[in-house]
Amino acid sequence: MSPAGPGHAVGLRPSTARGTATDRNPVAAPTNGYLASQLPLTLLVSRRRSARSLNFLRKLARSIVILLMSAAASEAADYFVSPAGDDLNPGTARTQAWRTIGRVNQAVFGPGDRVLFEGGRTFFGSLYFDPSDQGTAASPIGVASYGVGRASIHSGANFGFFAYNVGGYVLRNIDFVGDGPALNSDSGIVFYNDRPDRRRLDYLRVDRVAVTGYGQYGLLIAALNKSGYRNVRVSNVDSHHNALAGITVSGHFSTSLLGYAHQNIRIDHCRVWQNSGRAGLSSHSGSGIIMSDVDNGLIEYSVAYENGALNTANGGPIGIWAWDANRIVIQHNESHHNRTSSQTDGGGFDLDGGMTRSVMQYNYSHDNDGAGYLLAQFPTARPFSGNTIRYNISQNDARKNSFGAIHVWNGGSGIERCEIHNNTVYVSPAPSGTPRAVYFQTSARDLHVRNNILITTGDLRLVDAVVGQTGVLFQGNDYWSSGGNFRVRWEGAEYWALTNWRGTTGQEKLGGGPVGYRIDPRLVNAGGGGTLNDATRLPNLSAYRLQAGSLLIDSGLDLPVLFGFDDGSRDFHGTALPQGDRVDIGAHEATSR
């Protein structure tokens, strides 16, 4: 994540990622979701044992049950739990339901079994599943509600649901409630794999679940030893009023182990809000959605807002972001009013240390303390290259700590070969600090900024880039300083006219000729995008559409033809590219002139 001032090492992930450690466990043990850099491994192991000890009675019964099951395979069954039930019942019919979570924890479940809690009722305790409760992708074990409404699991000061070294699970239509971050010290829902053989466990589904009131993570999918999960989908989850983060996918950060813990991870149609963070921690806290140690991941149609307000550690938090991952797409999301009480971040979206071949597209970021869209590299991270920011909108981001709406920060091995194109940025003066539209706070290599609309008011800088840029090109952008002067600071020198900047630095040239504009883009209502809180409505966001007659229509550079890369084929609103002879500048592709 990015710093506020020069020379600040951005960290996250293990908080010591910026330091000397070469192998850290970024996840806690079963009953504790802190980054492992905050807890010694011996404590993590002891806490896992403590969690398992909650099921002492279950362990006594298991040996008998397993012996019976070994004689003949049992068929899948539904097990019902109701306040009107009795733990002496078999549990296999609504009229013969169990009564407590304690009885559920004594049982052994197999492929296709389901545990169903009576809808509209409250149950007290913590659900725990271990390797004896193994489902499959074809026949997963299910935990859900039956009847009318959702059941609610109230776990007090402990975790709500913990699945240890198991795959083949569906968690659906059920809520988990802790006693609040001040009283609870655990995570709400945890899937944790620490197998030593680096085997990915297959198939997890979490759908139509709410999780709130936990002192660590709302939902945590975690791995150790590069063991992890594959084919995971988290959908329609509301995670709010937790401390460390709303939804987190995490692995084993290492500078020596190759590969990724998780594969094929999808998070969609989720809402994460008021996950506040904790003051006084050594590592960041209070993010909305985090994805790390993943190969091939997707975050889409989700909303993150009002997270991070209590965080005091630098290097975070962010509304929606990924780090140490490959082939991640973050698209069709809204991230807004995320905060921090530190000197860094509190931003909307981020591709952070060690990201490769990843894309942020079709997102709406607004009113965040930090950057709207951040590219950041921290010390000890894997190489950072081949990432893209395209067809996004940023409105009044960088409300604190003098960020850029689009921000680049390198505190490690370098940020290289990235594309930033067809975004629309609007920035007005902030209550604290001095925002910019685009800020290269450190040097970068072979980054290209093209076909963007950059709008500032109040004499804010349109572009700010420190000394040391290599192969960084601005081409075909529109710079509109509404109500103020054209202002660009490039490698220490101030420029007050596009022609001067072009003539002195060679920026906004292509094939020796001038490109780029300084004209009113004629947007419908720049600065008036407002808050949607429903990512499926993003195509209806009209404030940043080009009005008929805008000179930016059909004026963009043809990026696939000129530079040979994929431009995404659609604009922010879903309109196919191009609609005219050439693409338009900015995030909107007009259907007529």
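The shown structure was predicted, so the numbers you read here are calculated from the model rather than taken from an experiment.

Engineer: Honestly, the overall build of the protein chain in this entry has me stumped. Any pointers?
Structural biologist: Secondary structure assignment for the protein chain yields 5 helices and 41 strands. Each of the 593 residues in the protein chain was classed as buried or not, and the buried ones make up 61%. Put simply, of all contacts in the protein chain between residues at least 6 apart along the chain, 78% involve residues at least 24 apart. Here the protein chain displays about 20,000 Å² of accessible surface, and carbon together with sulfur accounts for 50% of that area.

Engineer: Please clarify how helix H4 (residues 498-505) should be interpreted in this entry.
Structural biologist: The periodicity of an α-helix, 3.6 residues per turn, causes residues three or four positions apart to be oriented the same way. Burial in H4 covers these residues: Leu-498, Trp-501 and Arg-502. All buried residues of H4 fall inside an arc of 95° around its axis, so they share one side. Along H4, exposed side chains directed more than 90 degrees from the buried face belong to Thr-499, Gly-503 and Thr-504. Of the residues one or two after H4, Gly-506 is the one with positive phi, at around 85°.

Engineer: Looking at this structure, how should I read the side chain of Ser-155?
Structural biologist: Structurally, Ser-155 is set in strand E6 (residues 151-156). Polar contacts involving the side chain of Ser-155 include one to the main-chain carbonyl oxygen of Asn-158, which spans 2.9 Å. Separated by 2.7 Å, the side chains of Ser-155 and Tyr-214 make a polar contact. Apart from the residues lying within four places of it in its own chain, the contact partners of Ser-155 are Gly-125, Ser-126, Gly-160, Val-177, Gly-178 and Tyr-214.

Engineer: Whenever I open this one, the layout of surface pockets confuses me. Can you help?
Structural biologist: Sizing a probe to match a water molecule and rolling it over the atoms shows the empty space that remains. Considering only enclosed or pocket space, the second largest pocket measures out at about 180 Å³ in volume. Lining the second largest pocket are 13 residues, and of these Gly-386, Thr-388, Glu-419, Phe-565 and Asp-566 sit closest to its centre. For the lining of the second largest pocket, the elements supplying multiple residues, two or more each, are strand E27 (388-390) and strand E30 (415-421). With 4 residues, the top contributor of residues to the lining of the second largest pocket is E30. A class-by-class count of the residues in the lining of the second largest pocket yields 3 nonpolar, 5 polar and 5 charged.

Engineer: What is the right way to look at the pairing of strand E33 (residues 445-450) in this model?
Structural biologist: Two faces, one strand: in a regular strand the side chains alternate between the faces of the sheet. Here E30 pairs with E33 via 5 bridges, running parallel. Residue pairing in the sheet places Ile-420 in a bridge with Val-449 of E33. Where E33 lies against strand E36 (residues 473-475), 3 bridges are found, and the strand directions are parallel. Bridge pairing in E36 links Arg-450 to Gln-475.

Engineer: Please explain the pairing of strand E1 (residues 78-81) as it appears in this structure.
Structural biologist: Sheet topology places E1 next to strand E2 (residues 114-118); 4 bridges connect them, and they run parallel. The residue bridging Val-81 from the neighbouring strand is Phe-117, located in E2. A crossover links E1 with its parallel partner E2, the connecting element being helix H3 (residues 101-106), and its sense is right-handed.

Engineer: How do you make sense of the confidence of the model for the protein chain when you look at a structure like this?
Structural biologist: Note: predicted coordinates in regions of low pLDDT should not be interpreted at a detailed level. Averaged over every residue, the pLDDT of the protein chain is 89; residues scoring 70 or more account for 88%. Predicted confidence is poor over residues 1-51, with pLDDT under 50, and the contacts of this stretch with residues over four places away or in other chains come to 171 contacts. Confidence drops under a pLDDT of 50 for residues 56-60, and excluding neighbours within four residues, the segment shows 11 contacts in the predicted structure.

Engineer: Mind showing me how you'd approach the pattern of salt bridges here?
Structural biologist: Proximity of charged atoms lets side chains of opposite charge pair with each other. All chains considered together, the criterion is met by 22 salt bridges. For Arg-208, the salt bridge identified is with Asp-207, shortest N-O distance 3.3 Å. Since its relative accessible area comes to 36%, Arg-208 is described here as partly exposed. Judged by relative accessible area, Asp-207 falls into the buried class, the value being 14%. Its salt-bridge partner being Arg-339, residue Asp-369 comes within 3.0 Å of it at the nearest N-O pair. Of this pair, Asp-369 sits in the loop between strand E24 (364-366) and strand E25 (373-377) while Arg-339 sits in the loop between strand E21 (334-336) and strand E22 (347-351), and the two are 30 residues apart along the sequence. A residue is classified by how much of its surface remains accessible, and Asp-369, at 7% relative accessible area, is buried. In this structure Arg-339 comes out as partly exposed when scored by relative accessible area, which is 27%. When salt bridges that share partners are traced, they join Lys-226, Asp-293, Asp-324 and Arg-382 into one network.

Engineer: Is there a simple way to think about unusual backbone geometry in this case?
Structural biologist: Excluding glycine, most residues fall at negative phi; most peptide bonds, likewise, are trans. Pro-317 follows Gly-316 through a cis peptide bond whose omega is 0°. Examined against the element boundaries, Pro-317 turns out to sit in the loop between strand E18 (303-305) and strand E19 (318-323). Between Leu-577 and the following residue, Pro-578, the backbone shows a cis peptide bond with an omega angle of -15°. Note that Pro-578 resides in the segment after helix H5 (559-563).

Engineer: Is there a simple way to think about the nonpolar core in this case?
Structural biologist: Counting residues in each nonpolar core, the largest one holds 90 residues, and the members touching the most others are Phe-117, Phe-161, Phe-176 and Leu-375. Ranked by the residues each element gives to this core, the list is headed by strand E10 (residues 200-212), at 5 residues. The residues touching Phe-176, leaving out its near neighbours within four places in the chain, are Leu-127, Ile-153, Gly-160, Phe-161, Leu-171, Ile-189, Val-209, Ala-210, Val-211, Thr-212 and Tyr-214.

Engineer: Sorry if this is basic, but what is going on with the environment of Phe-124 here?
Structural biologist: Turning to its location among the elements, Phe-124 is positioned in strand E3 (residues 122-124). Separated by 32 residues in sequence, Phe-124 and Gly-156 place their C-alpha atoms 7.8 Å apart. If sequence neighbours within four positions are ignored, Phe-124 has contacts with Ile-101 and His-154.

Engineer: Looking at this model, I keep getting lost on the packing of aromatic side chains. Mind explaining?
Structural biologist: One pass over the structure, following the stated rule, counts 25 aromatic pairs. The interplanar angle of 55° and the centroid separation of 5.3 Å between the aromatic rings of Phe-161 and Phe-191 together place this pair among those described as tilted. Here Phe-161, found in strand E7 (residues 161-164), pairs with Phe-191, found in strand E9 (residues 189-193); they are 30 residues apart in sequence, far enough to count as distant. The rings of Tyr-79, Trp-98, Phe-109, Phe-129, Phe-161, Tyr-169, Phe-176 and Phe-191 are connected pair by pair, giving a single aromatic cluster. Between the NZ or CZ atom of Arg-436 and the centre of the ring of Tyr-439, over which it lies, the distance is 3.9 Å. Looking at Arg-450, its charged tip hangs above the ring of Phe-563, at a distance of 3.5 Å from the centre.

Engineer: Just checking my understanding: could you explain the environment of Ser-432 for this structure?
Structural biologist: If you trace the backbone, Ser-432 turns up in the loop between strand E31 (424-427) and strand E32 (436-440). With relative accessibility at 34%, the residue Ser-432 sits in the partly exposed group. Between the C-alpha atom of Ser-432 and that of Ser-402, which follows or precedes it by 30 residues, the distance is 7.6 Å. Ignoring sequence-local partners within four residues, the contact set of Ser-432 consists of Arg-399, Lys-400 and Asn-401.

Reading the values: rules and limits
Residue positions are given per chain, counted from 1 along the sequence in the order it is written. Per-residue local features of the predicted model are confined to residues with pLDDT of at least 70, and side-chain atom pairs are confined, for both listing and counting, to 80 or more; whole-chain, interface and lining totals are unaffected and use all residues. To get the side-chain values, take all heavy atoms of the structure and skip hydrogens and water. In this description a helix means any DSSP run of H or I spanning at least four residues, a strand means any run of E spanning at least two, and both kinds are numbered starting from the N terminus. Each residue's exposure class comes from its accessible area (1.4 Å probe, protein chains only) as a fraction of the maximum for that residue type: buried when under 20%, exposed when over 50%, partly exposed otherwise. We call two residues in contact whenever any of their non-hydrogen atoms come within 4.5 Å of each other. Here the Shrake-Rupley method, with its probe set to 1.4 Å, supplies the accessible areas, and only the displayed protein chains count as covering residues. Our arc is simply the arc of the directions from the helix axis toward the C-beta atoms. Two N or O atoms form a polar contact when they lie within 3.5 Å of each other; inside protein one atom must be a possible hydrogen donor and the other a possible acceptor, and for residues adjacent in sequence the pair counts only when both atoms belong to side chains. The method works on a 1 Å grid over the protein atoms by themselves. A cavity is a set of points holding a 1.4 Å probe that cannot get out, a pocket is an open set with protein on both sides within 12 Å along at least five of seven lines, and residues with an atom within 4 Å of a point line them. Grid points are joined across faces, edges and corners, and a volume is the space filled by probe spheres set on the points. In this count, Pro and Cys sit with the nonpolar residues alongside Ala, Val, Leu, Ile, Met, Phe, Trp and Tyr, while Asp, Glu, Lys and Arg are called charged and the others, Gly among them, polar. DSSP bridges decide pairing: two strands pair if at least two such bridges lie between them. Whether a crossover is right-handed depends on one test, that the path from the first strand over the helix to the second runs clockwise when the strands point away from the viewer. pLDDT is defined as a per-residue confidence score from the predictor, taking values between 0 and 100. Each reported salt bridge corresponds to a side-chain nitrogen of Lys or Arg within 4 Å of a carboxyl oxygen of Asp or Glu. Put simply, buried Ala, Val, Leu, Ile, Met, Phe, Trp, Tyr and Cys residues joined by side-chain atoms within 4.5 Å make one nonpolar core. In this analysis, rings of Phe, Tyr and Trp, with Trp reduced to its six-membered ring, are considered paired at centre separations within 6.5 Å, and the interplanar angle assigns stacked below 30 degrees, edge-to-face beyond 60, and tilted for intermediate values. Comment: the charge-over-ring label is applied if NZ (Lys) or CZ (Arg) is within 6 Å of the ring centre and within 35 degrees of the ring normal.

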